[in-house]
Amino acid sequence: MKNNLEKTFSTGEFAKLLEVSKDTLLYYDKIDLFKPAGTFANGYRYYTFDQIDQFMAIQSLRAVDLPIKRLKTYFDAPTLQSLRELAEEQHKKVKMEIEKLKDIQQFLKQTVVLTMEMESASFGEVFIKSLPAEPVVYSVDQVDWNKSDEETMEQSNSFFKTLGLKSIAAGGDVYPKEAFLRGDLMHAEMEVPSYFFCHADAPLAKIKPAGDYAILYHQGTYESLNTAYQILRTFLETKQLEIDGDIYEEYLLHSIAAKEEEHYITKISVKVKESHLE
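Student: So what's going on with the packing of helix H4 (residues 52-63) against helix H5 (residues 68-76)? Residues and values would help.
Tutor: Contact geometry for H4 and H5: axes closest at 10 Å, N-to-C directions at 150°. When the axis of H4 is compared with that of H5, the two are roughly antiparallel. In the crossing of H4 with H5, the sense of the turn from one axis to the other is right-handed. On H5, the residues touching Gln 54, Ala 57, Ile 58, Leu 61 and Arg 62 of H4 are Ile 68, Leu 71 and Phe 75.

Student: An account of the pattern of salt bridges is needed here, citing residue identities and associated values.
Tutor: All chains considered together, the criterion is met by 13 salt bridges. For Arg 70, the salt bridge is made with Glu 89, and the minimal N-O distance between the two is 3.0 Å. Remark: Glu 89 occurs in helix H6 (residues 80-119) and Arg 70 occurs in helix H5; sequence separation between them is 19 residues. The exposure class assigned to Arg 70 is partly exposed, which follows from its relative accessible area of 33%. Between Lys 271 and Asp 244 there is a salt bridge; the shortest N-O distance is 2.7 Å.

Student: Hey, could you go over the confidence of the model for the protein chain for me, with residue numbers and the actual values?
Tutor: Predicted confidence across the protein chain gives a mean pLDDT of 86, with 95% of residues reaching 70 or more. When pLDDT is averaged over each element of the protein chain, strand E9 (residues 211-219) comes out on top at 95 and helix H1 (residues 2-5) at the bottom at 50.

Student: Describe the side chain of Lys 271, and please don't skip the residues or the numbers.
Tutor: Within the element layout of this structure, Lys 271 appears in strand E11 (residues 265-274). Apart from residues lying up to four places away in sequence, Lys 271 is in contact with Pro 209, Ala 210, Gly 211, Asp 212, Tyr 213, Glu 242, Ile 243, Asp 244 and Gly 245.

Student: Any chance you could break down the packing of helix H2 (residues 11-18) against H4 for me, citing the residues and the numbers?
Tutor: Here H2 crosses H4 at 60°, and the two axes come no closer than 12 Å. Judged on the interaxial angle alone, H4 and H2 are oblique. As for the relative orientation of H2 and H4, their crossing is right-handed in sense. For the pair H2 and H4, contact is made by Phe 14, Leu 17 and Leu 18 and by Ile 52, Phe 55 and Met 56, respectively. Its residues assigned to classes, the contact of H2 with H4 comprises 6 nonpolar, no polar and no charged.

Student: So, the nonpolar core: which residues are in play, and what are the values?
Tutor: A general tendency of soluble globular proteins is for nonpolar side chains to be buried together. By size, the foremost hydrophobic cluster in this structure holds 21 residues, and its most contacted members are Phe 180, Tyr 229, Leu 232, Leu 236 and Ile 247. Of all the secondary structure elements, the ones that give two or more residues to this core are helix H8 (177-181), E9, helix H9 (225-238), strand E10 (241-251) and E11. Leu 232 has contacts with Val 126, Phe 180, Ala 214, Ile 268 and Val 270, leaving out every residue within four places of it along the chain.

Student: Tell me about the sheet that holds E11, and please be specific about residues and values.
Tutor: With antiparallel pairing, the 8 strands of this open sheet are ordered in space as E4-E9-E11-E10-E6-E7-E5-E8. Either end of the sheet is taken by a strand with one partner, and the two such strands are strand E4 (126-131) and strand E8 (206-208). Across this sheet, the average inter-strand angle for adjacent strands is 35°, counted without regard to direction. In this structure, strand E5 (residues 134-138) lies alongside E8, joined through 3 bridges in antiparallel fashion. In the sheet register, Pro 135 faces E8, and the bridge partner there is Ile 207. Lying over the sheet, helix H7 (residues 149-162) contacts E5 and strand E7 (195-199), oriented at roughly 35° with respect to E7.

Student: Kindly report on the environment of Gly 245, identifying the contributing residues and their values.
Tutor: Relative to the helices and strands, Gly 245 is located in strand E10. Expressed as a C-alpha distance, the spacing of Gly 245 and Tyr 175, which sit 70 residues apart in the sequence, is 9.3 Å.

Student: Help me get a handle on the sheet that holds strand E2 (residues 38-39), residues and values and all.
Tutor: Sheet strands associate in pairs through backbone hydrogen bonding, adopting either a parallel or an antiparallel arrangement. Spatially, the 3 strands line up as an open sheet ordered E1-E3-E2, and their pairing is antiparallel. Each edge of the open sheet is held by one strand with a lone partner, namely strand E1 (8-10) and E2.

Student: A description of helix H3 (residues 22-30) should follow, citing residues and the corresponding values.
Tutor: Of the positions making up H3, those classed as buried are Leu 25, Tyr 28 and Asp 29. Down the axis, H3 shows its buried residues gathered within 100° of arc, on one side only. The outward face of H3, more than 90 degrees from its buried face, is lined by the exposed residues Asp 23 and Lys 30. The secondary structure elements touched by the buried residues of H3 are H2, strand E3 (45-48) and H4.

Student: Explain the pairing of E3 to me, and be specific about the residues and the numbers.
Tutor: Sheet topology note: the E1/E3 ladder contains 3 bridges and is antiparallel. Bridging from a neighbouring strand, Thr 8 pairs with Thr 48 of E3. As paired elements, E2 and E3 share 2 bridges and run antiparallel to each other. Along E3, the bridge assignment pairs Gly 38 with Tyr 46. Taken together, E2 and the strand that follows it, E3, pair antiparallel across an intervening segment of 5 residues, in which Gly 43 is found at a positive phi of about 95°.

The rules behind each value
Residues numbered from 1 in each chain as written. Predicted model: local features only at pLDDT ≥ 70, side-chain atom pairs only at ≥ 80, totals over all residues. Heavy atoms only, no water. Axes fitted to C-alpha atoms, helices over the stretch in contact; angles between N-to-C directions. Helix = DSSP H or I, 4+ residues; strand = E, 2+ residues; numbered from the N terminus. Parallel < 35°, antiparallel > 145°, perpendicular 65-115°, else oblique. Left-handed = near helix turned anticlockwise from the far one by under 90°. Contact = heavy atoms within 4.5 Å. Salt bridge = Lys/Arg side-chain N within 4 Å of Asp/Glu carboxyl O. Buried < 20%, exposed > 50% of the residue type's maximum accessible area, 1.4 Å probe, protein only. pLDDT = per-residue confidence, 0-100. Nonpolar A, V, L, I, M, F, W, Y, C, P; charged D, E, K, R; others polar. Core = buried A, V, L, I, M, F, W, Y, C linked by side-chain atoms within 4.5 Å. Pairing = 2+ DSSP bridges. Arc of directions from axis to C-beta.

Here it is in structure tokens:
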């Protein structure tokens, strides 16, 4: 091992060993952040095994955007205490970045799922699909659609934040079946109280039961959703089905999948069962 530690590397060899470019080593040398171990008689720089740990530490800290000035300050007079403080500070920063990336990853994953779902959707047609049970979370307070858009958005954001999620998360509004049975959802002029909901496995989650669900994809403005509910009612009456739970109204990537509101896609789903009426 001693012989290996005494081995020297040219700039190119050291760069290859650490999988970086020679320009990186030359730049670090120029700004006095990471210097070669020495220089041969012919003027060529050389590095040693002893420098690998320091270089890897620099690269790790640069990857979390630690300023070069801060790095130089530390390496000018490294101590165990300053190293611990630096590591603790950057560990917190990396943890926050990881959480941010997890949010982005979840958004991208959900986007792939939703775009694939929308590509195969037939608008204005109701179909029955057997769905498994899944956890969903309802907002504690009802949504008052008579409030301003700003107040409604604030309530929506607050709901998703309590779950540790972004408002882009899969979800929408849920209406009690009584609103459908009364015909409230068939009237565009009516502001029907609802709750926000989200597909999430959280402490406050309730189980959306498994079973047969009537599903309808509607393309159009929010104001035109009453026509979708009229189509749903006609379908249920024709097939002699009755609703057996809450009505879920999901907004599928509205403003990021379409420029005009008339192209927005809304998914309506409700658990159904055979009607007992003769």
